[in-house]
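Per-entry structural report
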Amino acid sequence: HAKKQGRNQFHFHTDNQERELERTYQIELEIHEALERNEFSLVYQPLINLRTNKIVGVESLLRWDNRLLGRISPAEFIPILEETGLIIPVGKWILQSVSIQMKSWQEQGLFLQRVSVNVSPIQFQDPYFVADLKKILHKAEVDPSYLELEITEGTLLDIDDSAKKLHDLQDLGVKVSIDDFGTGYSSLSYLKQLPIDTLKIDKSFIDDLDRDGKIIVNTIISMGKNLQFRVIAEGIENSDQFKYLKQQQCHEGQGYFFSRPVESDKIEELYYSLQ
Ligand code: C2E
Ligand code: MG
Ligand code: MG
Ligand code: MG
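All residue numbers refer to position in the chain's written sequence, counted from 1. Naming scheme: in the order in which they are written, chains are lettered from A and ligands are numbered from 1. Side-chain atom pairs in this predicted model are given and counted only at pLDDT of 80 or more, local residue features only at pLDDT of at least 70, and totals for whole chains, interfaces and linings cover all residues. Note that the side-chain values use all heavy atoms of the structure and ignore hydrogens as well as water.

Going by what an unreviewed UniProt entry lists, the protein chain is known as EAL domain-containing protein and is assigned to Oceanobacillus luteolus.

Listed below in structure tokens is the structure:
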């Protein structure tokens, strides 16, 4: 393995760099078996309507608890899933698991307008992505219109024919949101030409609300709304941010102020306590 050899051959690495390489190497070894070992799970974070304070949807977020390394954050392991191509089978597992969960909630009478799933650029560009998704939804007997896929601006700009992919998804009936909106280089007028439903304002802009971030946030909300996007603020951590975004009539919010990502049964508790 290249990194293992590197560790032995190159003596200019600092101890820190060596430890990092060793960890990456261990993660790479372990992640190949993670799906078979049942080490992945999903948590769900509520999306709150800022006018009614009700849960209108959830975002699914992947978790990995490894037998040797313990819990590893998605920021660390998602890039490794992407580099190894494992994001394709793991991505399918995520879509299957979320679909089964959606069906279960629906049968319990727990009504969510949207369940969103993050999709990596590698998954999005897979030629079988839409066909596989269609099969998964059909098998789980889930109405596609309750599923929303989260992609980033980068995904749209990097991938040839991303417009065709988006139209195929629109034909299937699933919704699409732009995650971390504002951190890339796509203009709202460009996004408006595509079948996109939702903009999720990146947490960094919400963090800046108490400094000079208000103008950017106001602009995204008002332009986004005028262009008929649903606008969601990510990473709301305190009541000042909540009140401000509510006052600006941002449609929805998500963040630790409402709830951290939680297991599915906790979503059921929260849902019934907030309705
Ligand atoms: P994201 O899609 O932008 O997800 C939001 C992240 O912000 C989540 O981190 C969530 O736990 C965190 N978050 C939510 N509210 C707050 C808040 O108020 N304060 C703070 N500090 N953080 C908040 P998480 O779960 O660690 O995921 C990180 C990123 O990893 C995600 O960013 C997404 O890009 C990726 N990811 C997570 N799950 C999946 C997945 O199933 N598939 C793919 N392809 N990527 C995923
Ligand atoms: Mg997301
Ligand atoms: Mg985000
Ligand atoms: Mg992100």
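1. Considering the pairing of strand S6 (residues 175-181)
The side chains of a regular strand alternate between the sheet's two faces. Where we set the bar: Between buried and exposed lies partly exposed: a residue is buried under 20% and exposed over 50% of the maximum accessible area for its type, with that area taken using a 1.4 Å probe on protein chains only. The way it works is that DSSP assigns letters per residue, a run of H or I at least four long becomes a helix, a run of E at least two long becomes a strand, and they are numbered from the N terminus. Two strands pair under a simple rule: DSSP has to find at least two bridges between them.
Burial of S6 is extensive: five of the seven residues sit out of reach of the surface. Where strand S5 (residues 147-152) meets S6, five bridges bridge the pair, whose relative direction is parallel. Within the sheet, the bridge partner assigned to Glu-150 lies in S6 and is Ser-177. In this sheet, strand S7 (residues 198-201) lies alongside S6 in parallel orientation, the contact comprising three bridges. Its bridge partner lying in S7, Phe-181 is registered against Ile-201.

2. Describing the coordination of the magnesium ion (ligand 2)
Selection criterion: Coordinating N, O and S atoms are those within 2.8 Å of the metal (3.2 Å for Na, K and Ca), and as water is not part of the atoms, a site may appear to have fewer donors than expected.
Protein coordination at the magnesium ion (ligand 2) comes from Glu-59 (OE), Asn-118 (OD1), Glu-150 (OE) and Asp-179 (OD), with a distance range of 2.0 to 2.2 Å. Sequence spacing among the residues donating to the magnesium ion (ligand 2) works out to E-x58-N-x31-E-x28-D. A separation of 4.1 Å is found between the magnesium ion (ligand 2) and the magnesium ion (ligand 3), which share Asp-179 as a coordinating residue. Taken together, the positions of Asn-118 in strand S4 (residues 114-118) and Asp-179 in strand S6 put the pair 61 residues apart, joining distant regions of the chain. Note on Asn-118: relative accessible area 27%, which makes it partly exposed.

3. Remarks on empty space enclosed by the protein
Gaps left between atoms show up when a probe the size of a water molecule is rolled over them. Note the cut-off: The definitions used throughout rest on a 1 Å grid laid over the protein atoms alone, on which a cavity is an enclosed set of points accommodating a 1.4 Å probe that cannot get out and a pocket is an open set flanked by protein within 12 Å on both sides along at least five of seven lines; lining residues are those having an atom within 4 Å of a point. Grid points are joined across faces, edges and corners, and a volume is the space filled by probe spheres set on the points. Charged means Asp, Glu, Lys or Arg here, nonpolar means Ala, Val, Leu, Ile, Met, Phe, Trp, Tyr, Cys or Pro, and polar covers whatever is left, Gly included.
What the rule picks out here adds up to one cavity of 30 Å³ or more. Of the volumes computed, that of the largest cavity is approximately 60 Å³. What lines the largest cavity is simply Ile-88, Gly-91, Lys-92, Leu-95, Gln-123, Asp-126, Phe-129, Asp-132, Leu-133 and Ile-136. If you list the elements that add at least two residues to the lining of the largest cavity, you get helix H4 (87-108) and helix H6 (129-140). Taken together, the residues of the lining of the largest cavity break down into five nonpolar, two polar and three charged.

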